[in-house]
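# Observations on the model geometry
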Amino acid sequence: SSGINAEYGEIRDDIRQECEKLGPVKKVLLFDRHPDGVVSVKFDTHESAEDAVKVFDKRWFGGQQIEATQWDGVTDYAIEETAKEREARLASWHKFIGDGEVDKPESAAKQASSESTILQSSSLDQTS
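Residues numbered from 1 in each chain as written. Predicted model: local features only at pLDDT ≥ 70, side-chain atom pairs only at ≥ 80, totals over all residues. Heavy atoms only, no water.

## Some points on a negative patch on the surface
Judged by side-chain charge, Glu7, Glu10, Asp13 and Asp14 come together as a negatively charged surface patch. Within the secondary structure layout, glutamate 10 lies in helix 1 (residues 2–19). (Patch = residues over 30% accessible without salt bridge, like charges linked within 9 Å, V, L, I, M, F, W, Y side chains within 5 Å. Areas by Shrake-Rupley, 256 points an atom, 1.4 Å probe, with all protein chains shown as cover. Salt bridge = Lys/Arg side-chain N within 4 Å of Asp/Glu carboxyl O. Lys, Arg positive; Asp, Glu negative; His and termini not counted. Charge placed at Lys NZ, Arg CZ, Asp CG, Glu CD. Helix = DSSP H or I, 4+ residues; strand = E, 2+ residues; numbered from the N terminus.)

Here is the structure:
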């Protein structure tokens, strides 16, 4: 898991570095659960965002062709984890901290609900 996080961090940093050639970048958000490999980049200016679409659209990266567009202001690219993924993550966390306890379903659902709200609003903030 930490290897994957490091890889995502490296990808995010590479994208930021490339995009900063076009102007100041406010945020780079990698939607790691999205099957299409979506990344959102928020620039300081509208002009820089338009330039990025021109530069990156149809460009090839890692054997994949990039489709670059401006965000439509509506689409939410965040994909929530499944109940099974959530249970595995919580079990792994409890094993890591060494308490051996696994949350009851009601507690896990309540925790997941609050996490989803935070993640969703965070995702929307970062792509607007």
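So, next bit.
## Overview of the pairing of strand 2 (residues 38–43)
Two strands pair when backbone bridges link them, and strand 1 (residues 25–31) and strand 2 are joined in this way by six bridges, in the antiparallel orientation. When the sheet's bridge partners are listed, lysine 27 is paired in strand 2 with lysine 42. Linking two consecutive strands that pair antiparallel, namely strand 1 and strand 2, is a turn of six residues; a positive phi of about 65 degrees is found at glycine 37 within it. (Pairing = 2+ DSSP bridges.)

## Side note on the packing of aromatic side chains
By the definition in use, this model includes two aromatic pairs. With a centroid separation of 5.8 Å and an interplanar angle of 55 degrees, the aromatic rings of phenylalanine 31 and tyrosine 77 are classed as tilted. A residue pair is termed long-range when its members are at least 10 positions apart, and phenylalanine 31 in strand 1 and tyrosine 77 in the loop between strand 4 (64–65) and helix 3 (83–97) qualify at 46 residues. (Phe/Tyr/Trp six-rings, centres within 6.5 Å; stacked < 30°, edge-to-face > 60°.)

## Topic: the nonpolar core
In a soluble, globular protein the nonpolar side chains are often hidden away together inside. Cys19, Val25, Val28, Phe43, Ala52, Phe56 and Ala68 together form the largest nonpolar core, which totals seven residues. For this core, the elements supplying multiple residues, two or more each, are strand 1 and helix 2 (46–56). Non-local contacts of valine 28, meaning those with residues more than four positions away in its chain, are made with Arg12, Ile15, Arg16, Val39, Ser40 and Val41. (Core = buried A, V, L, I, M, F, W, Y, C linked by side-chain atoms within 4.5 Å. Buried < 20%, exposed > 50% of the residue type's maximum accessible area, 1.4 Å probe, protein only. Contact = heavy atoms within 4.5 Å.)

## Points about the pattern of salt bridges
For side chains of opposite charge, pairing can occur when their charged atoms come near one another. Across all of its chains, the model carries eight salt bridges by this definition. Across the pair lysine 21 and glutamate 18 runs a salt bridge whose closest N-O atoms are separated by 2.9 Å. The class for lysine 21 is exposed, based on a relative accessible area of 61%. In this structure, the salt-bridge partner of aspartate 44 is lysine 26, at a minimum N-O distance of 4.0 Å. Here lysine 26 lies in strand 1 and aspartate 44 lies in the loop between strand 2 and helix 2, a separation of 18 residues in the sequence. One network of salt bridges, with partners in common, ties together Arg33, Glu81, Glu85 and Arg89.

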